[in-house]
Amino acid sequence: MKQVKIGLVGLGFMGSTHWGVYQGMKNAKVVALADVDAKKRKGDISAVVGNIGGGDNSKPLDLTGVTVYDDAFDMITDPDIDVVDICVPTPEHCDLVCAALAVGKHVFCEKPLCGTPAELKKIVAAVRKSKKFFNVGLCVRAWPEYRHAYEYFKSGKAGKMRSATFKRISPSVDGNAWKNWFMDGAQSGGALLDLHVHDVDEVNYFFGKPKSVTAFGAADIVSKNGGVDHVVATYDYGDGSLVMAEGGWAAAKGTPFEMSFTIVCEKATLKLDASGYHIYPVKGKPITPKVDVKAGPTGWHQELAYFVNCVAKGVQPDKYQTIDSVEDSMKMVFAEMKSIKTRKAVAI
Ligand SMILES: NC(=O)c1ccc[n+]([C@@H]2O[C@H](COP(=O)([O-])OP(=O)(O)OC[C@H]3O[C@@H](n4cnc5c(N)ncnc54)[C@H](O)[C@@H]3O)[C@@H](O)[C@H]2O)c1
């Protein structure tokens, strides 16, 4: 079995989560790590905090056999690496993605892909030009319950969608990250770009690109520099349906993390909430589906296992995403930002 060699950039919440996922995979091995923080370069993740998941961070990671770099641009030229996995703050994504593809590496980049339309254009061009594989950590596409609902809906069993609501509400992430970068709207794009992107992406994934979006947001509740900390958006498909997504990360610390959806279709309602994932057919009894957790319990496990398998087999990854669909989702997010400022619907 080919072992895919990973070069990990950033060992914060997401980097250490990916590290943990790779440890459980037989066909992947982290062979290199780059981080600007000296403690992380020693495997010390004791300061790492996330909004969901997370394990025991008190013990340092064993970096035996891992080549450690302080500059990611040096790491990406390491001939030992097949895949560059980018888990650093969003403003660093564009240059790293483009450089890693240019030196002939496969690239997995955390969401959100980037922070501006100009960066999006640059990345999309680089991905289209490259013969290497590229995926973004839009992990909700691969999250077992969302995945099941997606496949059920796409099979036609639920019938036509009439209304849908996707929601993601997090306890405050203030103080969680490297240099508290999430709380600087200029770097993270606030909850709108960083958290709500998952549900914007689900709306696009399930129903395709809408005709327009209208969004309202509350900025600088916990952020500074205009970070939208809570957003509500509606998506106009011009077919009488009502599609909405809501996201925020200003809830008091200790508030349980909520990720939920209610998709009302002609023949069934699909619902995920704190009580679990259920399908309520119009005719027949409620169903509690068995979801596919073979690759692991989270979308992080599923998406990375899939990408690594594709690299190992030399097969273009297309199950969860294409660069076209990721581009559309990012355009929807940028349209929401514009809509909040103009208080008008923005065409996609
Ligand atoms: N898919 C998800 O569910 C999910 C969840 C959380 C975060 N994320 C995304 O993952 C990315 C990282 O977020 P995080 O929560 O891990 O942040 P974090 O602050 O916990 O970690 C960032 C790490 O990157 C390092 N770093 C910063 N600049 C660097 C550089 N130029 N080169 C090398 N290392 C550098 C820091 O030292 C730190 O170790 C972001 O894009 C974020 O939006 C995704």
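Definitions and cut-offs
Residues numbered from 1 in each chain as written. Predicted model: local features only at pLDDT ≥ 70, side-chain atom pairs only at ≥ 80, totals over all residues. Axes fitted to C-alpha atoms, helices over the stretch in contact; angles between N-to-C directions. Helix = DSSP H or I, 4+ residues; strand = E, 2+ residues; numbered from the N terminus. Parallel < 35°, antiparallel > 145°, perpendicular 65-115°, else oblique. Left-handed = near helix turned anticlockwise from the far one by under 90°. Contact = placed C-beta atoms within 7 Å. Nonpolar A, V, L, I, M, F, W, Y, C, P; charged D, E, K, R; others polar. Near = placed C-beta within 6 Å. Domains from an automatic or database assignment. Pairing = 2+ DSSP bridges. Buried ≥ 20, exposed ≤ 12 C-beta atoms within 10 Å, placed from the backbone. Core = buried A, V, L, I, M, F, W, Y, C linked by C-beta atoms within 7 Å.

Novice: Give a description of the packing of helix 4 (residues 93–102) against helix 5 (residues 117–129) that names residues and reports values.
Specialist: The interhelical angle for the contact between helix 4 and helix 5, taken along N-to-C directions, is 15°, at an axis separation of 10 Å. Classified by the angle between their axes, helix 4 and helix 5 sit roughly parallel to one another. Two packed elements cross with a definite hand, and for helix 4 against helix 5 that hand is left-handed. Residues Cys 94, Val 97, Cys 98 and Leu 101 of helix 4 form the contact with helix 5, whose own contacting residues are Glu 119, Lys 122, Ile 123, Ala 126 and Val 127. Of the residues belonging to the contact of helix 4 with helix 5, the class tally is 7 nonpolar, no polar and 2 charged.

Novice: Can you explain the site of the ligand? Please cite residues and give values.
Specialist: Contacts to the ligand come from 27 residues, most closely from Gly 10, Gly 12, Glu 110, Ala 177 and Trp 178. Among the elements that take part in the shell around the ligand, helix 1 (residues 13–23) stands out by supplying 3 residues, more than any other. Its residues assigned to classes, the shell around the ligand shows 15 nonpolar, 5 polar and 7 charged. Looking at which domains feed residues into the shell around the ligand, each of domain 1 (4–137 + 299–318) and domain 2 (141–297 + 328–347) gives three or more.

Novice: Could you give me a rundown of the sheet that holds strand 2 (residues 28–34), with the residues and numbers involved?
Specialist: The strand order across the open sheet built from 6 strands is 3-2-1-4-5-6, with neighbouring strands paired in parallel fashion. Since the sheet does not close on itself, it has two edges, and those belong to strand 3 (67–69) and strand 6 (134–136), each with one partner. Adjacent strand axes in the sheet meet at a mean angle of 25° when their direction is disregarded. In this fold helix 4 packs onto strand 1 (4–9), strand 4 (83–86), strand 5 (106–109) and strand 6, with an angle of close to 165° to the strand it touches most, strand 5.

Novice: Residues and numbers for helix 9 (residues 197–207), please.
Specialist: Since the α-helix packs 3.6 residues into each turn, any two residues three or four apart lie on the same face. Most of helix 9 sits inside the fold, with 10 of its 11 residues counted as buried. All of the buried residues in helix 9 are Val 197, His 198, Asp 199, Val 200, Asp 201, Glu 202, Val 203, Asn 204, Tyr 205 and Phe 206. Buried positions along helix 9 lie against helix 6 (144–154), strand 7 (161–171), helix 8 (190–194), strand 9 (228–236), strand 10 (242–251) and helix 11 (323–342). Following helix 9 by one or two positions, Gly 208 has its phi on the positive side, about 85°.

Novice: Requested: an account of unusual backbone geometry, with residues and values cited.
Specialist: With glycine set apart, most residues show a phi of negative sign, and most peptide bonds adopt trans. A cis geometry characterises the amide bond from Lys 111 onward to Pro 112, with omega recorded as -15°. The phi angle at Asn 180 is positive, at roughly 55°, despite the residue not being glycine. Following the sequence through the fold, Asn 180 ends up in the loop between strand 7 and helix 7 (185–188). Phi at Asp 220 takes a positive value of approximately 55°, unusual for a residue other than glycine. Relative to the helices and strands, Asp 220 resides in the loop between strand 8 (212–219) and strand 9.

Novice: If you had to explain the packing of helix 5 against helix 11 to someone new, which residues and values would you point to?
Specialist: Where helix 5 contacts helix 11, the two axes come as close as 11 Å, and the packing angle between them is 180°. Between helix 5 and helix 11, the angle is such that the two are roughly antiparallel. Judged by residue contacts, Pro 117, Leu 120, Val 124, Val 127 and Arg 128 of helix 5 engage Ile 323, Glu 327, Met 330 and Phe 334 from helix 11. Classifying every residue of the contact of helix 5 with helix 11 by side-chain character gives 7 nonpolar, no polar and 2 charged.

Novice: Explain the nonpolar core to me, using residue names and the numbers behind them.
Specialist: Val 9, Ile 86, Val 97, Val 107 and Val 333 are the most contacted members of the largest nonpolar core, which totals 100 residues. Here this core gathers at least three residues from each of two domains, domain 1 (4–137 + 299–318) and domain 2 (141–297 + 328–347). Ignoring anything within four residues of it in the chain, the contact list for Ile 86 reads Val 9, His 93, Leu 96, Val 97, Val 107, Cys 109 and Glu 110.

Novice: Report on the sheet that holds strand 11 (residues 258–265), specifying residues and quantitative values.
Specialist: The 8 strands lie next to each other as 13-12-11-7-10-9-8-14, forming an open sheet whose pairing is mixed. If you trace the sheet from one side to the other, it starts and ends with strand 13 (276–281) and strand 14 (346–347), each paired once. Set on the sheet, helix 6 makes contact with strand 11, strand 12 (268–273) and strand 13; between it and strand 12 the angle comes to about 170°.

Novice: How would you summarise the domain arrangement of the protein chain if you had to cite specific residues and measurements?
Specialist: Domain annotation for the protein chain reports domain 1 (4–137 + 299–318) and domain 2 (141–297 + 328–347). Between the C-alpha centres of domain 1 and domain 2 there is a distance of 24 Å. Of all elements in the fold, only helix 1, helix 5 and helix 10 (299–313) reach the threshold of two or more residues within the side of domain 1 that touches domain 2. In terms of residue count, helix 10 provides more of the side of domain 1 that touches domain 2 than any other element does, 6 residues in total. Residues that form the side of domain 1 that touches domain 2 fall into these classes: 12 nonpolar, 9 polar and 3 charged.

Novice: Account for the pairing of strand 12, with residues named and values stated.
Specialist: Pairing of strand 11 with strand 12 involves 4 bridges; the strand directions are antiparallel. When the bridges of strand 12 are listed, Val 264 appears paired with Thr 269. Where strand 11 folds back onto strand 12 in an antiparallel hairpin, the turn is made up of 2 residues. As judged from the 6 bridges shared by strand 12 and strand 13, these two strands associate in the antiparallel manner. Each bridged residue has a counterpart across the sheet, and for Lys 271 the counterpart in strand 13 is His 278. What sits between strand 12 and strand 13 in their antiparallel hairpin is a turn of 2 residues.

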